[in-house]
Amino acid sequence: MAASANVYVLPDQTVYGGGKIYDRFGNLEYFADVSSLNDLAASGGTDVVSEVKAHTRLPYMNSKSSISVPKHDRNVMTGVRQSKGALPGKRFTLVSALEKRDFTTTAAMSAVYAWLKTTVKVDVTFISEGGTPYDPITAVSEV
């Protein structure tokens, strides 16, 4: 199983710093409209070509002479490694009438709260990592 089903990029919310929201089991879209967020987990890897500079190295251990390695390109795929341990950032909980789910974020809690106030689909209570509940957020009416 993947470490996180979705990793959303939360942009800065006015003065509050953005970051990433780690949605381990894919539950955030139940609570809020995530269509405006970029999902890093769905994007898969990215092919990157990096340049390796010309350098010298020893042909074998304890060699008395060195050899020259010419400049060349190296193909690398980035963005495919997963964390083996805990997800980075701070945990927060969203509680609705039917669901209670935990998420992790590297963004400021105020940024997550501000974003939720504009995108939430159901009435929720936002609870920070320390267990402090924020003011309840009512669902945004669709116009």
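Nothing here was measured: the structure is a model prediction, and the numbers come from that model.

Let's shift gears to the overall build of the protein. Within the protein, the secondary structure is distributed over three helices and 10 strands. Starting at the N terminus, the α and β elements of the protein follow one another as β-β-α-β-α-β-β-β-β-β-β-α-β. For the protein, contacts bridging at least 24 residues in sequence account for 51% of all contacts bridging at least 6. Carbon and sulfur atoms make up 52% of the accessible area of the protein, which totals about 9,600 Å².

Moving on, we get to the pattern of salt bridges. Under the defined criterion, the tally for this structure stands at two salt bridges. Its salt-bridge partner being Arg101, residue Glu99 comes within 2.6 Å of it at the nearest N-O pair. Take Arg101: its relative accessible area is 32%, and that puts it in the partly exposed class.

A word on the pairing of strand β1 (residues 6-10). Regular strands place their side chains on alternate faces of the sheet. Counted residue by residue, β1 has four buried out of five residues, so it is predominantly covered. Summarising the sheet, β1 and strand β2 (residues 19-23) pair through five bridges and their orientation is antiparallel. Paired with Val9 across the strands is Lys20, a residue of β2.

Rules behind the numbers
Residues numbered from 1 in each chain as written. Predicted model: local features only at pLDDT ≥ 70, side-chain atom pairs only at ≥ 80, totals over all residues. Heavy atoms only, no water. Helix = DSSP H or I, 4+ residues; strand = E, 2+ residues; numbered from the N terminus. Contact = heavy atoms within 4.5 Å. Areas by Shrake-Rupley, 256 points an atom, 1.4 Å probe, with all protein chains shown as cover. Salt bridge = Lys/Arg side-chain N within 4 Å of Asp/Glu carboxyl O. Buried < 20%, exposed > 50% of the residue type's maximum accessible area, 1.4 Å probe, protein only. Pairing = 2+ DSSP bridges.

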